[in-house]
Amino acid sequence: MNNTFAINRAEAEKSFHDYTAAYDLDDAKVALKVEHTFRVAGLCDVISDSLGMTGYDKDLAWLLGMLHDIGRFEQVRRYHTFRDALSVNHAELSADILFREGLIKNFIKVEDDPAESDDYLLTEKAIRLHNVFQLPDDLTERELRFATILRDADKLDILRVNVETPRSTIYNVPDEIFLDSEITDEVYEAMLQCQNLFRNMMKTPADLMLGHVSFVFGLVYPVSVRLMREQGYLETVLLFPSRNPRTRQRFAEIRRVVHDYMEKRLSGVLF
């Protein structure tokens, strides 16, 4: 099979805008996902730069960022929420819209059947798997690299979204509930052990916030850890002004653990 297909960034951006024009761009949920898409694509550029990638491979990483959340718009239209547990797996929906319904043909150009390209399958896998807890062991080295670039970039910008967008818009939960929320014991212990959080572990609004903090423990590339620290969004979440004394104490301890983890990753003590 051929390995590559043609990528034109300007045409891909136009196709994205054409697709999202069918949705209510005045809806805060829709608007934040448009911005998220472009930011993730830009972060894919930054991470691929750090890995010495150029040309077609850099464009492919960027394209994954542009396509990874295409299903979010339909998720909001159908269910009015971003919470997969209450609606649909958005990564699966994104991949289905692109590869089963054929939208991918608006974003790439190939002379023959696009499925004859190795990178066509790579693109589908990276998008379909971008939100899984752990990537499968059967990915090729090339598939693994692109999937991890996308996952790192996505995690980096999700933290921004959680800081810059009202929590009530993202979670459909009043802010008052967040301010009084408890951290469950299981989540607290997992955070102290520098573990990513399973979705089914998170029971409270405070747990949901820490699910995004735990992204730092799953970042693959050193540049991603550095960016997460430099952006400041992680620190803002860790300094969440809870009205619950026990939650404030637990956030303070988690903050200490997260800072220590990042220092060790950036100094090369942890890999």
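Use the structure listed above.
Residues numbered from 1 in each chain as written. Predicted model: local features only at pLDDT ≥ 70, side-chain atom pairs only at ≥ 80, totals over all residues. Heavy atoms only, no water.

J.: Quick rundown of the pattern of salt bridges? Include the residues and the values.
T.: Going through the model one piece at a time under the given rule, you end up with 31 salt bridges. A salt bridge links Arg39 to Glu35; its shortest N-O distance comes to 3.0 Å. One end of the pair, Arg39, and the other, Glu35, are both in helix H2 (residues 28-50), 4 residues apart, so they sit about a helical turn from each other. By relative accessible area, which is 37% here, Arg39 ends up partly exposed. Arg72 is paired through a salt bridge with Asp69; the nearest N and O atoms lie 3.9 Å apart. A single network of salt bridges, built from pairs that share partners, joins Glu35, Arg39, Asp157, Arg160 and Glu164. (Salt bridge = Lys/Arg side-chain N within 4 Å of Asp/Glu carboxyl O. Helix = DSSP H or I, 4+ residues; strand = E, 2+ residues; numbered from the N terminus. Buried < 20%, exposed > 50% of the residue type's maximum accessible area, 1.4 Å probe, protein only.)

J.: Pulling in residues and values, what's your account of unusual backbone geometry?
T.: With phi around 60°, His80 is a residue other than glycine that occupies positive phi space. A relative accessible area of 53% means that His80 is categorised as exposed. If you check the backbone angles, Cys194 has positive phi at about 60° while not being a glycine. Residue position: Cys194 is located in the loop between helix H10 (185-192) and helix H11 (205-213).

J.: Let's hear about the packing of H2 against helix H7 (residues 141-164): which residues, and what values?
T.: In a packed pair of helices, the relevant descriptors are the angle between the two axes and the axis-to-axis distance. Relative orientation of the contacting elements H2 and H7 amounts to 135°, with a least axis distance of 8 Å. Considering their axes alone, H2 and H7 lie oblique with respect to each other. Handedness of the crossing formed by H2 with H7: right-handed. In this structure, H2 uses Leu32, Glu35, His36, Arg39, Val40, Leu43, Cys44 and Ile47 to contact H7, whose residues at the interface are Ile149, Leu150, Asp152, Ala153, Asp154, Leu156, Asp157, Ile158, Arg160 and Val161. Per-class residue counts for the contact of H2 with H7 are 11 nonpolar, 1 polar and 6 charged. (Axes fitted to C-alpha atoms, helices over the stretch in contact; angles between N-to-C directions. Parallel < 35°, antiparallel > 145°, perpendicular 65-115°, else oblique. Left-handed = near helix turned anticlockwise from the far one by under 90°. Contact = heavy atoms within 4.5 Å. Nonpolar A, V, L, I, M, F, W, Y, C, P; charged D, E, K, R; others polar.)

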